[in-house]
Amino acid sequence: MKTIQMKGEVIPDDFSDVYDFLNYKYFSPKSVTDALTEANGEDITLEINSPGGYIDAGSEIYTELMEYSGTVNAKIVGYACSAASWIALAADHVVMSPTAQMMIHRASGGAVGNSSDMQSEYNALDQMDKSFVDLYAKRTGKSPEDIYQMMVDTTWMNAKTAVENGFADEVMFENKEPALVNADGSLSVQPEMISKIKNLLHRDRDIEANKKTNDVSKPIENKEKQSKESKKNDLALLLWS
């Protein structure tokens, strides 16, 4: 059985070069199409950890999965939020890690212009909401009114709650004894430091890419050693500041 990784944001195909440049995780209609073509009708497992993303891209992926000839299983190992939630529901069978989360909410967007533009945006968002209500209601067996209220409330569900509400079929590891894990709760690198460290790590690469040099190989090697030492020192200052 082939496993298709669905990690990161759901994006349109023409955004992929930007996400590649930034080294951000994503999946797109093309990446899913390529994976399904390679699977060639074989049963597949979608391994999902995604905060969601763009509705149009999510819709393409959902449609591709619904049309796929083989059995589609979904395994939610982290987040299945927003667009990723209904991508997961394109599967024939959905399982969730006991630590995973699913989130559903109303569509959101924005508009600039006159009152007609605002009315058009309102109508677009309203139609999107109705589509998702129908999808969730059909999959879960819940009433459209109940689903709509869950979306209004921006509902988060752990694995057990998702199963109880019909969004998932099974909680993973239910019969397995829990292991003792680190309960400290702190992160080695705080989120606010990530972008700073990324900029630092790529700084020298970007500088070198934008300049030409006629230095011989030995001086370049020395400069690289100095650059690495400088980077380590700067990184230490960031981590301890």
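Here, the structure is the one placed above.
(A) Just the overall build of the protein, in detail. A tally of regular secondary structure across the protein gives nine helices and nine strands. With 241 residues in all, the protein has 34% of them scored as buried. A separation threshold of at least 6 residues defines the contact pool for the protein, and within that pool the share at least 24 residues apart is 67%. Carbon and sulfur atoms provide 51% of the accessible area of the protein, an area that totals close to 15,200 Å².

(B) Main features of the side chain of S28. Positionally, S28 belongs in the loop between β3 (26–27) and α2 (29–39). Accessibility expressed as a relative area gives 4% for S28, which makes it buried. In this view, S28 contacts I11, P12, D13 and I61; residues no more than four positions away in its chain are not counted.

(C) Region of the structure containing the nonpolar core. M6, I44, I48, L65, I76, Y136 and F167 are the most contacted members of the largest nonpolar core, which has 48 residues in total. Broken down by element, the residue count for this core peaks at six residues, all from helix α5 (residues 115–140). Each residue touching I48, except ones within four places of it in the same chain, is listed here: M6, A74, K75, I76, V77, G78, Y79, A80, A84 and A88.

(D) Structural view of the environment of D129. Tracing the sequence through the fold places D129 in helix α5. Residue contacts for D129: discarding those within four places in its chain leaves R106, A107 and M151.

(E) Summary view of the packing of aromatic side chains. If you walk through the whole model with that rule in mind, you get six aromatic pairs. Through a chain of ring-to-ring contacts, three or more aromatic side chains come together here, namely Y19, Y24 and Y26.

(F) Structural view of the packing of α5 against helix α6 (residues 144–152). Where α5 contacts α6, the axes come no closer than 9 Å and their chain directions differ by 120°. As far as their axial angle goes, α6 and α5 are oblique. As for the relative orientation of α5 and α6, their crossing is right-handed in sense. For the pair formed by α5 and α6, the contact residues are D129, F132, V133, Y136, A137 and T140 on the first element and P144, I147, Y148 and M151 on the second. Class assignment of the residues belonging to the contact of α5 with α6 gives a composition of eight nonpolar, one polar and one charged.

(G) Seen up close, a nonpolar patch on the surface. Judged by side-chain polarity, V18, F21, L22 and Y24 come together as a nonpolar surface patch covering roughly 420 Å² of accessible area. Note that V18 resides in helix α1 (residues 16–22). On the basis of relative accessible area, V18 is assigned to the partly exposed category, the value being 44%.

(H) α2, seen in detail. For α2, the set of buried residues is P29, V32, A35, L36 and A39. Take α2 and look down its axis: the buried residues cluster within an arc of 130°, on one side only. Across α2 from its buried face, at more than 90 degrees, point the exposed residues T37 and E38. Residues of α2 that are buried make contact with β1 (2–7), β3, β4 (44–50) and α3 (55–67). The positive-phi residue at the C-terminal boundary of α2 is N40, with phi of around 55°.

Definitions and cut-offs
- Residues numbered from 1 in each chain as written.
- Predicted model: local features only at pLDDT ≥ 70, side-chain atom pairs only at ≥ 80, totals over all residues.
- Heavy atoms only, no water.
- Helix = DSSP H or I, 4+ residues; strand = E, 2+ residues; numbered from the N terminus.
- Buried < 20%, exposed > 50% of the residue type's maximum accessible area, 1.4 Å probe, protein only.
- Contact = heavy atoms within 4.5 Å.
- Areas by Shrake-Rupley, 256 points an atom, 1.4 Å probe, with all protein chains shown as cover.
- Core = buried A, V, L, I, M, F, W, Y, C linked by side-chain atoms within 4.5 Å.
- Phe/Tyr/Trp six-rings, centres within 6.5 Å; stacked < 30°, edge-to-face > 60°.
- Axes fitted to C-alpha atoms, helices over the stretch in contact; angles between N-to-C directions.
- Parallel < 35°, antiparallel > 145°, perpendicular 65-115°, else oblique.
- Left-handed = near helix turned anticlockwise from the far one by under 90°.
- Nonpolar A, V, L, I, M, F, W, Y, C, P; charged D, E, K, R; others polar.
- Patch = residues over 30% accessible without salt bridge, like charges linked within 9 Å, V, L, I, M, F, W, Y side chains within 5 Å.
- Salt bridge = Lys/Arg side-chain N within 4 Å of Asp/Glu carboxyl O.
- Arc of directions from axis to C-beta.

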